[in-house]
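Structural overview for review
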2 protein chains.
Amino acid sequence: MSKTKGRVTLPSESHFLKETREMLDRWGADALRDSDGTKLDDEIKSLDAKIYTTYFVARGHNEFAEKHMDECQQMLLMSKHNLALDTTVTIDFLDGYFREQVQADYVHDPKKWWEVIDRTTQEIVPLDSWSVDTDRHLVTVTDAVPFHEYTVSFFVYAIWDPTQMYNHITNNWGDKPHDIPFDVRQPASGAFARDYLKKWLADNPDTDVVRFTTFFYHFTLVFNADAKEKFVDWFGYGATVSIRALEEFEQEYGYALRPEDIVDNGYYNTTFRVPTKAYRDYMEFIQKFVARKAKELVDLVHDAGREAMMFLGDNWIGTEPYGPYFESIGLDAVVGSVGGGATLRLISDIPGVKYTEGRFLPYFFPDTFYEGNDPCVEAIDNWLSARRALMRNPVDRIGYGGYLSLAYKFPKFVDYIEKVTDEFRLIYDNVKGKKPYCGLKVAILNSWGGLRSWQSYMVAHALWYKQTYSYFGILESLSGAAVDVVFMSFDDIRNNGIPKDIDVIINAGDAGTAFSGGEEWLDEKLITTVRRWIHEGGGFVGVGDPSAVHRGGRFFQLADVLGVDKELGFTLSTDKYFKDALDTHFITEDRTGCFDFGESRHDIYALSASTEIIEYSDNEVHLAANAYGSGRGVYIAGLPYSYENTRLLMRVLYFAAHKEESFLRWYADNVNCEVNAYPESGKYAILNNSNEEQTTNFYDGEGTCEKLTLRPCEILWR
Amino acid sequence: MSKTKGRVTLPSESHFLKETREMLDRWGADALRDSDGTKLDDEIKSLDAKIYTTYFVARGHNEFAEKHMDECQQMLLMSKHNLALDTTVTIDFLDGYFREQVQADYVHDPKKWWEVIDRTTQEIVPLDSWSVDTDRHLVTVTDAVPFHEYTVSFFVYAIWDPTQMYNHITNNWGDKPHDIPFDVRQPASGAFARDYLKKWLADNPDTDVVRFTTFFYHFTLVFNADAKEKFVDWFGYGATVSIRALEEFEQEYGYALRPEDIVDNGYYNTTFRVPTKAYRDYMEFIQKFVARKAKELVDLVHDAGREAMMFLGDNWIGTEPYGPYFESIGLDAVVGSVGGGATLRLISDIPGVKYTEGRFLPYFFPDTFYEGNDPCVEAIDNWLSARRALMRNPVDRIGYGGYLSLAYKFPKFVDYIEKVTDEFRLIYDNVKGKKPYCGLKVAILNSWGGLRSWQSYMVAHALWYKQTYSYFGILESLSGAAVDVVFMSFDDIRNNGIPKDIDVIINAGDAGTAFSGGEEWLDEKLITTVRRWIHEGGGFVGVGDPSAVHRGGRFFQLADVLGVDKELGFTLSTDKYFKDALDTHFITEDRTGCFDFGESRHDIYALSASTEIIEYSDNEVHLAANAYGSGRGVYIAGLPYSYENTRLLMRVLYFAAHKEESFLRWYADNVNCEVNAYPESGKYAILNNSNEEQTTNFYDGEGTCEKLTLRPCEILWR
């Protein structure tokens, strides 16, 4: 591969000039950034590269914050459940919270802003039945009902920025001051944020790109009394909540939010909850505010002739890059961490910015770069999984983070990344702006739709969870697959119907969650629209507990479409006749390995003889298809990510869409290989997604077959 | 063992006199019965044994039934779900039903008695929006909403007795007439049943015991269009339903039942459904009627100087042997089939009869008694499992069924049963009427309570179901364990509180079922009563989804008691810290094998550090204990039956009850062995429940230990 240059960002650090120059050259980098714990000195800044500088808006200015503690950020928290043993129960509402992070807000009247709830009945305890001891931080409920459980929803000041708190505690920073987060919704803080940035831009003329890390509100991250993580929601609006916000919400929306609208039984409206009207309104309210305020800062950056880049993480809450207000911020770029294909697409698909950048793994930190370890292992894995997605829609730049001096000590790693950066530029040149061949258009249907594109099933940015991996595999599979992917909400269907160009709808998730939809499926407009669309030829793929909510003799409301339902115990008296899987089926035609449904679902059974059972074991169905009018339904018990399951999903989609006959267009039959074609340019690429040599039958756009052998990790461009 | 006599019933048959006499002698039998397909001739009847004769009340009299087809039994059935494609949908409501079993009832006005339901909204379709084509058996709904699903609930006449239908079809009885079931609620049928019995008693002077098989209404058994079982509910009141019954219900209870009260979404109020008020009322209404009518027949039997025995099965519906009306029938005896310990206790614990009899397995039929097979295998298994329960509360008699001539050809089997009958008589003499030592009193808590004692988790009399065996194991374990067992309903607790002498409450079942309780747990009186009782020292054992219904931030409403809850996806953001099982625990102290939680439950997590995790694997808790005030909660993910799990359950119960210190009283540490003590008589027995020699440490009533070796299957009496 010939040496190319550009589209790569390196971290650097002081006193590392010569080596930085060498690395810029070898990796073809054209931008340098500081990193957590590093600064760029003037010599480095004078190199032939753009300079990114990390900028914190709402923290890191204690000289201001300490003088305006009344403008400190807030949160609404819920206490533990407290059992009443008699008619009085005293609640240590801060029990379990980290006192260095949060302090009860007694400035605002608890009787106006707090809520005590009887969780046994879900009733609000009357105001005259409870009191607060502000010295000892206790709420006492009188007139309690013995053996009911009570919770207190209470306001706190959040006095320590969560990211700095995490780094501080993890790295034992001792008496280093705690960054106090202030709220730009408050008058002095709003003004300070603007004024300081203006001054900072003047003081930092070498900075080409202001890397906002990020704006105003951190995702919800609450620590426990032992200074360990207690609650983490990468999508959580917890830190946006304040008395002032609720007051302004009421003015703007004409109704007041209850604390319960925020604390939500202690679930805090995680992304797995089907969002309420009140919470949706609140999110919109915050997004509008964040967009307006962020635009003020971005305008200042542009006025100073610099670029504004947003880090997708930390204080990103309210920006919602796929939301309706994001584009109005006027950002030049978004940069985010790439854990695999889905997180790459989460970045590269963001609309309304000039460019996107992915920060690849591994981070140049001692946890990976230590003697005896080979950082290439993680790098290859990260690259191969993200590369699939680059072939569909590339980020415009890639980059790395951490200590460049550390990576420099691993020559094999430096060699490997040299190849990666060249390969990235080649991909980019071949792919960017050229619509790849898509055999199908797939819509992922859930409560969030487009607003949370590529963000389904995530708790804390792509971490593995037992309850999510069997669904997240769908996104990871699709991120690099030759299909168009859109995200559709139940509201989209209610308001606009189902677009004609959709081939297959996927509904996947645990019963009752926002991803399955819970009681949304009781809405007759939704279900009749979906049923009609399938009956008229659409494809519907359900994974896990699709359309699950118990009513009318069905658990899967679309059991009629899927041909299967779940036995809840109520139909044990009804004979289940259909227990034999078909010997062959299009969906499993070239299958070699065992099935892997991950956590799977249980007690699924076929409704009738017309259900095509594809996999049956342990007295239950895990994979089945069903004709429904002119359309088809397919049920899968779970789909953890693997190349086998990616292939399985592709076959499922083609079958559901009734497009089996075009399955062999631009296709490689070895599951480790994939084909991407770019009709506009006439180019196509056959990928070996594995680090071993692979032989495959390759089918071109007409389905003509050719046998090929690919080197480990090879992309064969033609 | 010395030769004894009595308490044993044999089947016999014509032309088998000599051998019958020999068998009477060898097995010490004192009663003879006819059987399905056999008759006793006069010679046999003259032997020195009581004569049982099978008697059918409501079938087997076609000469009467054919003249009174208007008094034929009825059912209310529900059609399949039918998808409307436009505003008219035509429903073949009999589709899937067996036309030789059921015929639509057009005698009574469908517009008055039937119901068409929009299952998408659960709304009743107005009467003027549907019509019936009685020629083609179709219901047409006009004004349908496209892509809604519709069902028809309709009355049928049931023209074939289900047991005869089953035997007829299974045995290819060809053109043998179909037994037509008639309804004694109707005037002519009621009179016929009495008159015929009177005459029959006169005609059958040799009969000592009238073996009613059974009374009026068969458990729900509906066949499909292919003449195969479609729906079977051993507890189902389906065959009791008729127009007349509903009319009389309305008169008696002051309100009318809707068809939906009976068909219940197609679940037909199976025993797994939390019963509604309407269905409970209906059951009571039927029980009162059945008891009144059955008493008329039993009185006739007594007037004729005979005994009345009821077969627990077939047409037993409405008798409810544990219900409040059963005793008033005045039966002398109940006989039922014994599949194991729980089904034995189901018979032996029945109150209000002079004696009970268990029909043991194998049935003397060619499916077991064929050349090359050893019927002893099934016999030993059946005997060992039932024997445990006999040691706690024996039936008064045992018996066998089928062709004695067949069994006679297997001398090894005859030898074995000779030993069994002697062993039974010895057990009976030592145990009957003597309260065995009970270390604990355990209450099984569900919607049914005492009414369905020993009948939990059953669909079709002890058949294995994937969804039940992990709970049924609890009953099977308890049936032979040294604990008192009572069955308690949610209503019992609401109405009477929890009796002081209960040590442990067990709540076990799948979420939403009558055995777990579903929304019953939202009743604050119930939950506060249970919480208080545990807090004051009670033990609570939850298996599967105990107290499960989602509200107030909890799925297990008694999560505070159990120390665990189930992750539904809504608390993924909340860190789960507690993942380490304790190294040792009383509950697992002498455990040798692997854990077996059967189907298990998933995603269970510990709530706090005070939860004692006893088993943790695959990122979830399966066994845990928790202190709650002075009481304790224990969670088990599932408990299929085995000797290991019986031991586990015993330890769980003693731990929950805070009685660990008395665990070693009357105890054998080898899991294959059990001890039963009878303080009144000073006797005790050490059982070897296995067919292999076992060595065990035996602890007497003071906990003094002695090492013993027991022969295969031995009971060591002292």
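No experiment lies behind these values; they were computed from the predicted model shown.

1. Points about the pattern of salt bridges
Residue and element names in this part refer to chain A. All chains considered together, the criterion is met by 106 salt bridges over all chains. The shortest N-O distance in the salt bridge between Asp-374 and Lys-412 comes to 2.8 Å. Here the residue Asp-374 occupies a position in the loop between strand E18 (355–359) and helix H11 (375–390), and Lys-412 occupies one in helix H13 (residues 411–431), the gap between them amounting to 38 residues. You can call Asp-374 partly exposed: its relative accessible area is 28%. Lys-412 sits in the exposed class, given a relative accessible area of 54%.

2. A short note on the UniProt feature "domain: Lacto-N-biose phosphorylase-like N-terminal TIM barrel" (unreviewed entry) in chain A
UniProt annotation of "domain: Lacto-N-biose phosphorylase-like N-terminal TIM barrel" (unreviewed entry) refers to residues 6–438 of chain A when read in the numbering used here. For residues 6–438 of chain A, the end-to-end C-alpha separation is 29 Å, with 32% helix and 19% strand making up the annotated structure.

3. As for helix H14 (residues 469–479) of chain B
Each turn of an α-helix holds 3.6 residues, which means side chains three or four residues apart point in the same direction. Summarising burial for H14(B): eleven of the eleven residues are buried, a large majority. Taken together, the buried positions of H14(B) are B:Tyr469, B:Ser470, B:Tyr471, B:Phe472, B:Gly473, B:Ile474, B:Leu475, B:Glu476, B:Ser477, B:Leu478 and B:Ser479.

4. Thoughts on the UniProt feature "domain: Lacto-N-biose phosphorylase central" (unreviewed entry) in chain A
Taken from the UniProt record, the annotation "domain: Lacto-N-biose phosphorylase central" (unreviewed entry) applies to residues 441–661 of chain A. Regarding residues 441–661 of chain A, the helix share stands at 22% and the strand share at 27%, and the terminal C-alpha atoms are separated by 16 Å.

5. Some details on the relation of the copies chain B and chain A
Turning chain B through 180° and shifting it by 0.0 Å along the axis lays it on chain A, with an RMSD of 0.0 Å. The symmetry that links the two subunits is that of a two-fold axis. By C-alpha distance to the rotation axis, the residue of chain B lying nearest is B:His602, at 5.2 Å. Most of the interface of chain B is mirrored in chain A, where 100% of its interface residues are also at the interface.

6. Focus on the sheet that holds strand E18 (residues 355–359) of chain B
Residues and elements named next belong to chain B. Taken in spatial order, the eight strands of this closed barrel run E1-E2-E3-E13-E16-E17-E18-E19, and their pairing is parallel. Going from strand to strand, the sheet's axes swing by 25° on average, the running direction of each strand aside. The pairing of strand E1 (residues 8–11) with strand E19 (residues 397–399) spans two bridges and is parallel. Bridging across to E19, Thr-9 finds its partner in Gly-399. Here helix H6 (residues 187–203) sits on the sheet in contact with strand E3 (50–55) and strand E13 (209–212), set at roughly 150° to E3.

7. Some thoughts on the interface of chain B and chain A
Listed as interface residues are 60 residues of chain B and, on the opposing side, 60 residues of chain A. When chain B packs against chain A, close to 5,300 Å² is buried across both sides, 51% of that on carbon and sulfur atoms. Area buried by chain B at its contact with chain A is led by B:Phe147, B:Phe570 and B:Leu572, which between them contribute 14% of it. Viewed at the interface, chain A and chain B are joined by eight salt bridges. A salt bridge links B:Glu149 to A:Arg531; the nearest nitrogen and oxygen atoms lie 3.3 Å apart. At the junction of chain B and chain A, the tally comes to 30 residue pairs in polar contact (both at pLDDT 80 or more). Counting only elements with at least two residues in the side of chain B that touches chain A, the list comes to strand E15 (229–233), helix H16 (524–535), strand E24 (548–551) and strand E29 (620–628) of chain B. Among the residues making up the side of chain B that touches chain A, the classes are represented as 18 nonpolar, 23 polar and 19 charged.

8. Some thoughts on the confidence of the model for chain A
Per-residue pLDDT for chain A averages 96, and the proportion of residues at 70 or more is 100%. With pTM at 0.96, the complex prediction returns an ipTM value of 0.96.

9. Here we look at the sheet that holds strand E34 (residues 694–699) of chain B
All names here are of chain B. The sheet built from three strands is open, its strands ordered E31-E34-E35 with antiparallel pairing. Of all the strands in the sheet, just strand E31 (667–668) and strand E35 (705–710) have a single pairing partner and so form its edges. The pairing of E31 with E34 spans two bridges and is classified as antiparallel. Along E34, the bridge assignment pairs Tyr-667 with Tyr-699.

10. Observations concerning the packing of helix H6 (residues 187–203) of chain A against helix H9 (residues 277–303) of chain A
All names here are of chain A. Running from amino to carboxyl end, H6 crosses H9 at an angle of 20°, the nearest separation of the two axes being 10 Å. Compared by their axis directions, H6 and H9 come out roughly parallel. Considering only the axes of H6 and H9, their crossing is right-handed. Here Ala-193, Arg-194, Leu-197, Lys-198 and Leu-201 of H6 come into contact with H9, specifically with Lys-293, Glu-296, Leu-297, Leu-300 and Val-301. Of the residues assigned to the contact of H6 with H9, the class counts are six nonpolar, no polar and four charged.

11. Some thoughts on the domain arrangement of chain A
Residues and elements named next belong to chain A. Taken domain by domain, chain A comprises domain 1 (8–63 + 161–236 + 271–431), domain 2 (440–662) and domain 3 (667–717). Taking the mean C-alpha position of each, domain 1 and domain 2 sit 35 Å from one another. In this assembly, 30 residues from domain 1 lie in contact with 37 residues from domain 2. Summing both sides of the interface, domain 1 and domain 2 together bury roughly 2,800 Å²; the carbon and sulfur share of this comes to 58%. Ranking the residues of domain 1 by area buried against domain 2 places Phe-235, Phe-272 and Arg-388 at the top, with a combined share of 26%. Connecting domain 1 to domain 2 are two salt bridges. Close ionic contact of Glu-320 with Arg-452 constitutes a salt bridge, the shortest N to O distance being 2.9 Å.

12. Quick look at the environment of A:Ile474
Residue and element names in this part refer to chain A. Note on placement: Ile-474 falls in helix H14 (residues 469–479). Ile-474 sits 16 residues away from Met-458 along the chain, and the two C-alpha atoms are 12 Å apart. Once you skip the residues sitting within four places of it in the chain, Ile-474 turns out to touch Ile-444, Ile-506, Ala-508, Val-543, Leu-639 and Leu-649.

13. A short note on the nonpolar core
Counting residues in hydrophobic clusters, the biggest one holds 472 residues, and the most contacted among them are A:Phe212, A:Tyr282, A:Leu478, B:Phe212, B:Tyr282 and B:Leu478. Once residues lying within four places of it in the same chain are set aside, the contact partners of B:Tyr282 are B:Tyr237, B:Thr240, B:Val241, B:Ala245, B:Leu246, B:Phe249, B:Leu257 and B:Ile262.

14. Description of H6(B)
All names here are of chain B. Under the 1.5 Å per step criterion, the end-to-end length of H6 is 24 Å for 17 residues, consistent within 8% with the ideal 24 Å. Inspection of H6 places Ser-189, Gly-190, Phe-192, Ala-193, Leu-197, Trp-200 and Leu-201 among the buried residues, and these make up the whole buried set. Angular distribution of buried residues about the axis of H6 spans 160°; they occupy a single face of the element. Exposed residues on H6 whose side chains face more than 90 degrees from its buried face are Pro-187, Lys-199 and Ala-202. Each element contacted by the buried residues of H6 is listed here: E3, helix H3 (62–65), E13 and helix H9 (277–303).

15. Some details on a negative patch on the surface
Residue and element names in this part refer to chain A. A cluster of acidic residues, Asp-42, Glu-43, Asp-206 and Asp-208, forms a negative patch on the protein surface. When you line up the elements, Glu-43 lands in helix H2 (residues 42–45). For Glu-43, a relative accessible area of 48% translates into the label partly exposed.

16. Some remarks on the state of the cysteines
Residues and elements named next belong to chain B. In total, this model carries zero disulfides over all chains according to the counting rule given. Here Cys-705 stays free of any disulfide, with the sulfur of Cys-673 as its closest cysteine sulfur at 12 Å. Since its relative accessible area comes to 40%, Cys-705 is described here as partly exposed.

17. So, the environment of A:Ala677
Residue and element names in this part refer to chain A. Mapping Ala-677 onto the fold places it in strand E32 (residues 673–678). A relative accessible area of 2% means that Ala-677 is categorised as buried. Each C-alpha atom, one on Ala-677 and one on Lys-435, is 8.9 Å from the other, the two residues being 242 residues apart in sequence. Apart from the residues lying within four places of it in its own chain, the contact partners of Ala-677 are Pro-436, Tyr-437, Trp-666, Lys-683 and Tyr-684.

18. Comments concerning the pairing of strand E11 (residues 138–141) of chain A
Residue and element names in this part refer to chain A. Where strand E6 (residues 89–91) meets E11, three bridges bridge the pair, whose relative direction is antiparallel. Each bridged residue has a counterpart across the sheet, and for Thr-90 the counterpart in E11 is Thr-140. Strand direction decides the pairing type here: strand E10 (residues 130–133) and E11, joined by four bridges, are antiparallel. Within the sheet, the bridge partner assigned to Val-132 lies in E11 and is Val-139. As consecutive antiparallel partners, E10 and E11 are separated by four residues, and within that stretch His-137 has a phi angle of approximately 55°, a positive value.

What counts, and where the lines are drawn
Residues numbered from 1 in each chain as written. Chains lettered and ligands numbered in written order. Predicted model: local features only at pLDDT ≥ 70, side-chain atom pairs only at ≥ 80, totals over all residues. Heavy atoms only, no water. Salt bridge = Lys/Arg side-chain N within 4 Å of Asp/Glu carboxyl O. Helix = DSSP H or I, 4+ residues; strand = E, 2+ residues; numbered from the N terminus. Buried < 20%, exposed > 50% of the residue type's maximum accessible area, 1.4 Å probe, protein only. UniProt positions renumbered as here; feature names shortened; annotations may be inferred. Least-squares fit on C-alpha atoms with pLDDT ≥ 70 in both. Contact = heavy atoms within 4.5 Å. Pairing = 2+ DSSP bridges. Axes fitted to C-alpha atoms, helices over the stretch in contact; angles between N-to-C directions. Buried area = accessible area lost by both parts, 1.4 Å probe. Polar contact = N/O pair within 3.5 Å; in protein donor to acceptor, adjacent residues only side chain to side chain. Nonpolar A, V, L, I, M, F, W, Y, C, P; charged D, E, K, R; others polar. pLDDT = per-residue confidence, 0-100. Parallel < 35°, antiparallel > 145°, perpendicular 65-115°, else oblique. Left-handed = near helix turned anticlockwise from the far one by under 90°. Domains from an automatic or database assignment. Core = buried A, V, L, I, M, F, W, Y, C linked by side-chain atoms within 4.5 Å. Expected span 1.5 Å × (residues − 1). Arc of directions from axis to C-beta. Patch = residues over 30% accessible without salt bridge, like charges linked within 9 Å, V, L, I, M, F, W, Y side chains within 5 Å. Areas by Shrake-Rupley, 256 points an atom, 1.4 Å probe, with all protein chains shown as cover. Lys, Arg positive; Asp, Glu negative; His and termini not counted. Charge placed at Lys NZ, Arg CZ, Asp CG, Glu CD. Disulfide = S-S within 2.5 Å.

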